[in-house]
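As a plain string of letters, each chain reads:
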Amino acid sequence: MHAALKESFEQAGQGHVFRFWDRLIEEERDALCAQAAQIDLSEVDRLVKELVFGDGAHGVDLSDLAPAPYIPLSGNGGKADDWAEATQLGEDALRAGRVAAFVVAGGQGTRLGFNGPKGTYPVTPVRKHSLFQVFAEKIKAASTRYGKPIPWFIMTSNLNYEATVRFFEQHAFFGLDEDTVHFFQQGLMPAVDYDGKILLETPGRIAMTPDGHGGSLRALVRSGAVAKMEEAGIDVISYFQVDNPLVKCIDPAFIGFHLKAESEMSSKMLPKRHSKEKLGHFCTQRGKTVIVEYSDMPDELTEATDEQGNLRYIAGSIAIHTLSRDFIKRMGGNDVSASLPFHRADKKIQTVTDEGHPIKPESPNGVKFEMFVFDALPFAQQPVILETAREDDFSPVKNAEGADSPQTCREDQLREYTRWLKAAGVEIDTDGAGLPAASFEISPLFADSERTFVDAWSKLANPPAITEGLVIE
Ligand code: UTP
């Protein structure tokens with residue numbers, strides 16, 4: 001069996017992957033072959049031709065772009081009746097048990113530089129609860145409210161799968177029923193050098209990396225998650241990223257707009273803070289909805305303004321989507337006419353010399369291939385783009401310091417709690433940046449929105465004073 005595999009690599013011009021074969025012990029040979037067997041050599045060949053040597057190496061198609069239309073927030077031009085109707089529709093779907101939560105948690109979190117799966121990062125201001133715990137409690141709160149357990153699908157990579165599952169076990173699944181939490185692994189792709197040759201990380205191991213958040217569509221199908229959903233009567237999937245504790249993991253209005261439009265994939269948008277904000281742009285292109293990454297948009301487009309002086313390309317993507325199950329099934333299946341494109345990312349990839357000595361490159365030495373989930377949008381029927389309020393939905397932890405860091409995220413959580421308290425009639429002093437003097441925390445199990453907070457607070461016989469370290473739970 002090893003011989004046939006090696007032969008297929010030879011034929012594909014990738015035989016060098018086995019060049020240290022004679023020095024490997026049996027277990028190492030088996031492990032190398034197990035890795036090699038996962039690689040689709042014809043896919044690698046196509047990607048090398050397209051993305052390493054071909055036109056795909058030179059950027060994206062920017063022809064015929066226009067700003068995409070979106071549904072504005074109620075109070076910002078949207079119709080209150082439409083929002084109320086959508087909320088009702090979404091709540092009906094939740095009560096009927098049609099909705100699952102889905103987090104993509106397979107990234108490597110290199111910018112944050114945290115040791116461990118990013119979802120285990122201690123993110124809340126007082127108790128330092130992890131990102132996973134925040135999501136678990138939001139999902140639990142919604143399950144209780146709508147009287148149906150909301151299954152939670154969690155995509156990891158092979159690199160962080162075990163640590164993620166262990167973390168949930170150590171924390172008794174944060175009070176969720178273990179049977180409703182489903183972990184699965186995303187696919188891997190080999191990294192190649194600039195000659196298109198698959199890189200070895202060590203003499204006995206191929207440099208394989210997760211295939212991007214877009215790999216989630218394939219992985220949902222291949223892991224059997226979609227089949228599980230089908231069995232359970234789930235047809236609406238609420239997709240979010242692991243780094244954003246503010247996200248409404250379950251948002252009835254968003255689900256309702258998606259269902260009403262019979263959309264296959266819906267997305268939340270925010271007006272960009274400024275032209276250089278690092279969010280992808282919602283655009284239309286020849287009748288399709290597309291997202292163009294900030295790094296691919298030229299200044300003349302990002303800085304263009306309308307007659308009122310507003311940015312023309314104002315709609316930024318925050319990677320929150322609602323997906324229909326059948327759409328995932330179509331996009332994640334074997335139909336090549338409905339598959340996501342791969343993108344090229346030039347990276348420093350650990351590899352070995354011809355003698356087998358390790359090399360840690362100082363500058364990019366090769367290419368990784370990744371899929372982006374938003375590339376599914378042009379394939380979707382009736383895509384809906386819905387405006388959301390940044391302060392209620394988006395504060396990611398991406399970097400160790402500066403913008404989108406643990407500190408900015410902690411402050412955004414505090415601002416949200418403070419707004420909820422003020423809405424409940426509590427007087428609380430804040431500084432010019434909207435921050436209270438005391439650090440405190442509201443558990444998602446007490447309230448997960450302004451409306452539920454005001455309601456729960458009004459029922460407290462002895463509401464606590466807001467002091468340093470207070471936890472409202
Ligand atoms: P990012 O683009 O922020 O990447 O992922 P990252 O790997 O987490 O962080 P950096 O770039 O190394 O600092 C956005 C979301 O997509 C998930 C991440 O876990 C995060 O929720 N993701 C990313 C995957 O699930 N798989 C991937 O292959 C890549």
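Refer to the structure above for everything that follows.
What you are looking at is a predicted structure, and each value in this text was computed from that prediction instead of being measured.

S.K.: Tell me about a negative patch on the surface, residues and numbers included.
M.R.: A cluster of acidic residues, E26, E27, E28 and D30, forms a negative patch at the surface. Relative to the helices and strands, E26 resides in helix 2 (residues 26-37). Residue E26 is classed as exposed on the basis of its relative accessible area of 60%.

S.K.: Help me get a handle on the pairing of strand 13 (residues 288-292), residues and values and all.
M.R.: The buried fraction of strand 13 amounts to four of the five residues, a majority that puts the element mostly inside the structure. In the sheet, strand 12 (residues 280-285) pairs with strand 13 via five bridges, with the strands oriented antiparallel. Bridged to F282 within strand 13 is I291. Here strand 12 folds back onto strand 13 in antiparallel fashion, the turn holding two residues, of which R286 has a positive phi close to 45 degrees.

S.K.: Tell me what's going on with the site of the ligand, and back it up with residues and numbers.
M.R.: Close contacts around the ligand come from 17 residues, with V104, G106, T110, R111 and Q186 the closest. Take G106: an N or O atom from its main chain is 2.8 Å from an oxygen atom of the ligand. Within the contact set of the ligand, an oxygen atom lies 2.4 Å away from a side-chain nitrogen or oxygen of T110. Look at the ligand: alone it shows 560 Å² of surface, and the protein chains cover 86% of it. Partitioning the shell around the ligand into residue classes produces five nonpolar, nine polar and three charged.

S.K.: Which residues make up the sheet that holds strand 6 (residues 192-193), and what are the values?
M.R.: Read from one edge of the open sheet, three strands run 6-18-15, paired in antiparallel fashion. The open sheet terminates on both sides in strands that have one partner only, identified here as strand 6 and strand 15 (343-347). Of the strand pairs in this sheet, strand 15 and strand 18 (residues 366-370) are connected by five bridges, and their pairing is antiparallel. The residue bridging R344 from the neighbouring strand is F369, located in strand 18. Against the sheet, helix 3 (residues 41-53) contacts strand 6, strand 15 and strand 18, and its axis sits at roughly 115 degrees relative to strand 18.

S.K.: Describe in detail the side chain of S317, supporting the description with residues and values.
M.R.: Position of S317 relative to the elements: it lies in strand 14 (residues 315-324). Its relative accessible area of 11% is what places S317 among the buried residues. Within the structure, S317 has its side chain in polar contact with the backbone nitrogen of A319 (distance 3.4 Å). Look past the residues within four positions of S317 in its chain and what remains in contact with it is K268, L279, G280, F282 and I291.

S.K.: Talk me through the packing of aromatic side chains; I want residue IDs and the actual numbers.
M.R.: Enumeration over the complete set of coordinates arrives at 22 aromatic pairs. In this structure an aromatic cluster arises from ring pairing among F132, W152, F167, F168, F173, F174 and F183.

S.K.: Give a description of helix 9 (residues 252-260) that names residues and reports values.
M.R.: Of all nine residues in helix 9, seven are buried; the element is thus mostly enclosed. The positive-phi residue at the C-terminal boundary of helix 9 is E262, with phi of around 50 degrees.

S.K.: Please set out the nonpolar core residue by residue, giving values where relevant.
M.R.: In this structure, F9, F102, I198, I206 and F369 are the most contacted members of the largest nonpolar core, which totals 63 residues. In terms of residues, this core owes the most to one element, helix 3, which gives six residues. Beyond its immediate chain neighbours, meaning those up to four positions away, F369 contacts L47, V48, L51, V52, M189, P190, V192, P210, D211, F342 and H343. Within the second largest apolar cluster, 49 residues are counted, among which are I154, V165, I255 and C409.

S.K.: Which residues make up unusual backbone geometry, and what are the values?
M.R.: Positioned with a positive phi, K128 is a non-glycine residue whose angle comes to about 55 degrees. Turning to its location among the elements, K128 is positioned in the loop between strand 2 (99-104) and helix 5 (131-146). Classification of K128 as partly exposed rests on a relative accessible area of 42%. Despite not being glycine, F174 has its phi angle at roughly 50 degrees, a positive value. Structurally, the position occupied by F174 is in the loop between helix 6 (161-170) and strand 4 (181-185).

Rules of the game
- Residues numbered from 1 in each chain as written.
- Predicted model: local features only at pLDDT ≥ 70, side-chain atom pairs only at ≥ 80, totals over all residues.
- Heavy atoms only, no water.
- Patch = residues over 30% accessible without salt bridge, like charges linked within 9 Å, V, L, I, M, F, W, Y side chains within 5 Å.
- Areas by Shrake-Rupley, 256 points an atom, 1.4 Å probe, with all protein chains shown as cover.
- Salt bridge = Lys/Arg side-chain N within 4 Å of Asp/Glu carboxyl O.
- Lys, Arg positive; Asp, Glu negative; His and termini not counted.
- Charge placed at Lys NZ, Arg CZ, Asp CG, Glu CD.
- Helix = DSSP H or I, 4+ residues; strand = E, 2+ residues; numbered from the N terminus.
- Buried < 20%, exposed > 50% of the residue type's maximum accessible area, 1.4 Å probe, protein only.
- Pairing = 2+ DSSP bridges.
- Near = heavy atom within 4 Å.
- Polar contact = N/O pair within 3.5 Å; in protein donor to acceptor, adjacent residues only side chain to side chain.
- Nonpolar A, V, L, I, M, F, W, Y, C, P; charged D, E, K, R; others polar.
- Contact = heavy atoms within 4.5 Å.
- Axes fitted to C-alpha atoms, helices over the stretch in contact; angles between N-to-C directions.
- Phe/Tyr/Trp six-rings, centres within 6.5 Å; stacked < 30°, edge-to-face > 60°.
- Core = buried A, V, L, I, M, F, W, Y, C linked by side-chain atoms within 4.5 Å.

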